[in-house]
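# Per-entry structural report
Listed here are the chains, written in short residue letters.
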Amino acid sequence: MSDVGGRSAIVVFTDGFDNQLEGPNSEGSRTPFSQLYRKIQEIDPIIYTILLDTESAPAASPRSTSLPPGMGWPPPWQRSEPAPQRPSKRAMYETARQQLYMIAEQTGGRMYHLTSVANLAPAYTEIAQDLSARYQLAYNPTNGAHDGRWRQIRVQIKGRSDAVTRTRKGYYATTH
């Protein structure tokens, strides 16, 4: 998005379930969350995450290629060590919720947790209103070191109890 002028935003609509959480042989994300989060800390766009909660949905869809727990290649009777235990479905969804919240929170966006597609339109409307009511601030840091280290940012509004601040949590100081 480096070619896009002005302030940009990304809206991520997902069920939050990353098959990578099922284990090393699954077809999920190719980037671990720690690397993704670091990249998110380095980019400028605001990220809004919309989680459509499918936790209570059936475990497998017709296109699912996931194997039952303990299965995989080689088969259990040919392994020299026991198959790794994969986390429970509930634990995987909780991890997904936490990660989506962290992404939105880090960039000054918001996370929407929906239980129905019927709530999607109001969420998009709220995001559009939020983007239209944003102010952009700039400052000169007192720490002039260009050492690539993390710098935390905190914005406070004095005298306005009805105002809400959602800002990036910080940035990495560029190196020269």
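The following paragraphs examine the structure supplied in this document. Remember, it's a predicted structure, so these values are computed and weren't measured experimentally.

## Quick look at the pattern of salt bridges
Taken as a whole and assessed by the stated rule, the structure comprises 9 salt bridges. When the shortest N-O distance is used, the salt bridge between Arg 38 and Glu 42 registers 2.8 Å. Within this pair, Arg 38 and its partner Glu 42 are both found in helix α1 (residues 33-42), separated by 4 residues, close to a single helical turn. For Arg 38, a relative accessible area of 35% corresponds to the partly exposed category. For Glu 94, the salt bridge goes to Arg 97, with nearest N and O atoms at 3.3 Å. Of this pair, Glu 94 and Arg 97 both sit in helix α2 (residues 89-107), separated by 3 residues, roughly a single helical turn. Taking relative accessible area as the criterion, Glu 94 reaches 35% and is therefore assigned partly exposed. Here the salt bridges do not stand alone but share partners, grouping Arg 38, Lys 39 and Glu 42 into one network.

## Let's talk about the environment of Arg 168
Looking at where Arg 168 falls in the secondary structure, it is placed in the loop between β4 (150-152) and β5 (170-172). The exposure class assigned to Arg 168 is buried, which follows from its relative accessible area of 14%. Ignoring any residue separated from it by four or fewer positions in sequence, one finds Arg 168 in contact with Ile 40, Gln 41, Glu 42, Ile 43, Asp 44, Pro 45, Gln 106, Thr 107, Gly 108 and Ile 153. At a separation of 3.0 Å, a polar atom in the side chain of Arg 168 contacts the main-chain carbonyl oxygen of Ile 40.

## Some words on the nonpolar core
Among the nonpolar cores identified, the biggest contains 9 residues, and these are Ile 46, Tyr 48, Ile 50, Leu 52, Tyr 112, Leu 114, Leu 120, Ala 123 and Ile 127. Of all the secondary-structure elements, those providing two or more residues to this core are β2 (46-52), β3 (111-114) and α3 (120-132). Here the element with the most residues in this core is β2; it accounts for 4 residues.

Procedures and definitions
- All chains use their own residue numbering, which begins from 1 and follows the written sequence.
- Selection of residues for local features in this predicted model requires a pLDDT of at least 70, selection of side-chain atom pairs for listing and counting requires 80 or more, and totals for whole chains, interfaces and linings are taken over all residues.
- Neither water nor hydrogens contribute to the side-chain values; these are computed over all heavy atoms in the structure.
- Salt bridge, as applied in this entry: a Lys or Arg side-chain nitrogen positioned within 4 Å of an Asp or Glu carboxyl oxygen.
- Helical segments are the DSSP runs of H or I of at least four residues, strand segments are the runs of E of at least two, and each set is numbered from the N terminus.
- Burial classes follow relative accessibility: with a 1.4 Å probe on protein chains only, a residue under 20% of its type's maximum area counts as buried, one over 50% as exposed, and anything between as partly exposed.
- In this description, contact between two residues means that some pair of their heavy atoms is separated by no more than 4.5 Å.
- Counted as a polar contact is a pair of N or O atoms within 3.5 Å, where, for protein atoms, one must be capable of donating a hydrogen and the other of accepting one, and residues adjacent in sequence contribute only when both atoms are in side chains.
- Among buried residues, the Ala, Val, Leu, Ile, Met, Phe, Trp, Tyr and Cys ones that are joined through side-chain atoms within 4.5 Å form a nonpolar core.

These values are about where atoms sit, not about what they do.
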